[in-house]
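Each chain is listed here by its residues.
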Amino acid sequence: MNERHPAWLKAGSVRRRPGRWAAAALFTRRALHHLGNNAFGFAFEAVVSPIVMLLIFGFLFGGAMAGSVREYVRFLLPGILVLTVVPMTVASGTTLCTDMARGVYQRFRTMPFWQPAAVLGLVAADGVRYAAGVTAVLGAGWALGFRPAGGVSGTVQAVAYAIFFAWCVGWVFTWIGSIVKRPETVSGSSMMILYPLLFASSVLVDPSTMPRWLRVAVDANPISAAATLTRGLFHGTATAGELAAGIGAGLLFAAVFIPLTMYAYLRKQPG
Amino acid sequence: MELAIETRGLRKIFGKQEAVRGLDLAVRSGELFALLGPNGAGKTTTIRMLTTLLRPDGGTARVCGYDVVKEAGGVRARISVTGQYAALDESLTGRQNLMLFAGLYGYARKDAKRIADELLARFGLADAGGRTVGAYSGGMRRRLDLAVGLLPQPKVMFLDEPTTGLDPQSRRELRETVRGLKRQGMTVLLTTQYLEEADQLADRVGFIADGRLVAVGTPAELKARYGGKTLTVRLAEGADPAGVCRLLKEAFGLESRREEDGRIVKTSVRNAETAHAAVGALLGGRMEVEDFALGEPSLEEVYFALNQAYAKEAAV
């Protein structure tokens, strides 16, 4: 045996340093393996819990708010879509924080690939989780009689927007994940940020029924802009103003938190 | 002589604590170099700087001729690190880990697949390849970690306490693997708490104390320079080990240490005459000596001699 050429490395195994997007794709694959290896947790988060949420809110509020479940679902479902995907965005932050707390981050940092790929690939894979959650909500909504006025094209637009918005919001949590020490801190702090924003919004209730002071706060909430635009796209009633507000809210999150995340991730010296 | 690792006046400060204080290290290409020293002496901090994980606060460090700060990319393309905490993704299976890192190191997918299978087999993990690493034992993780470390065919391999916490069998296997790396012409920088391991494996040994390199040489050189012979005295039950230590200190100026249940006292002596006189004094002083032996010096003696010398220096 030639010692200089170990047996496991046969002749012909050429190494070519991966490009930026090839490296990111490897991290996307890694995140998908995580989902596959934890199929039960994934199914619960992405499929069971959104359906349960839709059913609870639909039947709890449906009669009181719109006279019938079917009528309320027309209003509620787009909101539930936002309510489903936005909390799902926390997971990337938790993963990033877990990586950085463990030895695997140190290995990544001693390797010669384009370092931002580790974060970009992870976030890209979230699209699969969002899509699964969205599909579950749409299926359940269909069963409850949800027939959006915008038809197929409206549905496609609404779904695409909801996933886009989730991608943008996710950067808030990747940033938190890259500055705090413990993954539990990411999930804990995210709940404190998310729940007030999610419920003090137009996700579940039409703001026109609220007292004036609350309506001002709710209207300023970016989650409201997202819920309103999703609703408008589903039913084909989105105005230019709603489009600008909804897309702008997403882009604002991305513009602020992508640089912050990258800076924190790349600057950190593993202790 | 070509140098694989070269540091000059390397420094790292954590808050007020100076962890590495002006370290000058030169490791030759193809050499297996062991870095020894007590916990907190700065070994791991040094390795973190050399592997581009930590930014030095002073001095310079080059690995394969590349500056660890200004040319970190050049360093990263030529090294790999296996630490005391296995740097793996615990939520992936063993095979998925190998595939991920093989891809990142630039192997094509079909090569990565074959290499993953061959490495799993070679490290005795063929059956465990489909299980998530979170369910692996410590020894299995360490082996997988080393397998991942081999993927880039590094010029310089950093092994930070690779055998700590392993059972004797796994330790022996790992030592064999490390010897194999050297035969392939790799430069290896090893830290370990097992002195006999450094003695068996290393071409040269460096002792770090309080952030500085205090001695460098081949194990034989160091033993000749710092290690006396070891006098081991075994006391009868109910004897007074503290009295023995006091007597050795007062009559001969010998520092001694107690081992096991306190009934074994070891001390380093310059030569057989001193040993003879010391044993004579102990017997004459009715110290209830059960047995005694005079041993050849080992790196352990060197280690304690250097630690003691350093402790004295710090006290001044």
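Bear in mind the structure is a predicted one, so any value in this text is a computation, not a measurement.

1. Comments concerning the overall build of chain B
Piece 1. Each helix and strand in chain B was counted, giving 11 helices and 14 strands.
Piece 2. Seen through its principal axes, chain B has C-alpha atoms that stretch 75 × 45 × 35 Å.
Piece 3. Sequence separation of 24 or more characterises 68% of the internal contacts of chain B that already satisfy a separation of 6 or more.

2. Quick look at the sheet that holds strand β2 (residues 17–28) of chain B
Residues and elements named next belong to chain B.
Piece 1. Strand order in the open sheet made by the four strands is β2-β1-β4-β5, with antiparallel pairing throughout. A single partner strand is all that each edge strand has here, and the edge strands are β2 and β5 (66–67).
Piece 2. The pairing of strand β4 (residues 58–63) with β5 spans two bridges and is antiparallel. From the neighbouring strand, Val-63 faces β5, where its bridge partner is Tyr-66.
Piece 3. Sheet strands touched by helix α1 (residues 43–50): β1 (3–14), β2 and β4. Its angle to β1, the strand with the most contacts, is close to 115°.

3. Focus: the environment of Ala-136 of chain A
Residue and element names in this part refer to chain A.
Piece 1. Among the structural elements, Ala-136 can be located in helix α6 (residues 117–143).
Piece 2. Classification of Ala-136 as partly exposed rests on a count of 19 C-beta atoms within 10 Å.
Piece 3. Between the C-alpha atom of Ala-136 and that of Val-48, which follows or precedes it by 88 residues, the distance is 7.9 Å.
Piece 4. With sequence-adjacent residues up to four places away left out, Ala-136 is seen in contact with Ala-46, Val-47, Pro-50 and Ile-51.

4. Quick notes on the sheet that holds strand β7 (residues 156–160) of chain B
Strand pairing in a sheet relies on backbone hydrogen bonds. The paired strands run either parallel or antiparallel.
Residue and element names in this part refer to chain B.
Piece 1. The strand order β6-β7-β8-β3-β9-β10 describes an open sheet built from six strands, whose pairing is mixed. Each having just a single partner strand, β6 (79–82) and β10 (212–217) make up the two edges of the open sheet. Strand-to-strand twist of the sheet, defined as the mean angle between neighbouring strand axes without regard to direction, takes the value 20°.
Piece 2. In this sheet, β7 lies alongside β6 in parallel orientation, the contact comprising four bridges. Across the sheet, Thr-82 pairs through a bridge with Leu-159, a residue of β7.
Piece 3. Sheet contacts for helix α6 (residues 168–183): β3 (32–36), β7 and β8 (187–191); angle to β8, the most-contacted strand, approximately 150°.
Piece 4. Sheet strands touched by helix α8 (residues 219–226): β9 (204–209) and β10. Its angle to β10, the strand with the most contacts, is close to 105°.

5. Description of unusual backbone geometry
Only a minority of non-glycine residues have a phi that is not negative, and only a minority of peptide bonds are not trans.
Residues and elements named next belong to chain B.
Piece 1. Despite not being glycine, Thr-52 shows a phi value in the positive range, around 70°.
Piece 2. Looking at where Thr-52 falls in the secondary structure, it is placed in the loop between α1 and β4.
Piece 3. The exposure class assigned to Thr-52 is buried, which follows from the 25 C-beta atoms found within 10 Å.

Cut-off values and rules
- Counting of residues starts from 1 at the beginning of each chain's written sequence and follows it residue by residue.
- Working convention: letters from A go to chains and numbers from 1 go to ligands, in the order in which they are written.
- This being a predicted model, a pLDDT of at least 70 is required before a residue's local features are given, and a value of 80 or more before pairs of side-chain atoms are given or counted; all residues contribute to the totals for chains, interfaces and linings.
- Numbered from the N terminus, helices here are DSSP runs of H or I no shorter than four residues, and strands are runs of E no shorter than two.
- A pair of residues counts as a contact when their C-beta atoms, built from backbone coordinates, are separated by no more than 7 Å.
- Strand pairing follows a simple DSSP-based rule, namely that at least 2 bridges must link the two strands.
- Axes, fitted as lines to C-alpha atoms, cover a helix only where it is in contact. Angles between the N-to-C directions of the axes lie from 0 to 180 degrees.
- Burial in this document is a count-based property: other C-beta atoms within 10 Å of a residue's C-beta are tallied, and the residue is buried at 20 or more, exposed at 12 or fewer, or partly exposed in between, with C-beta positions derived from the backbone.

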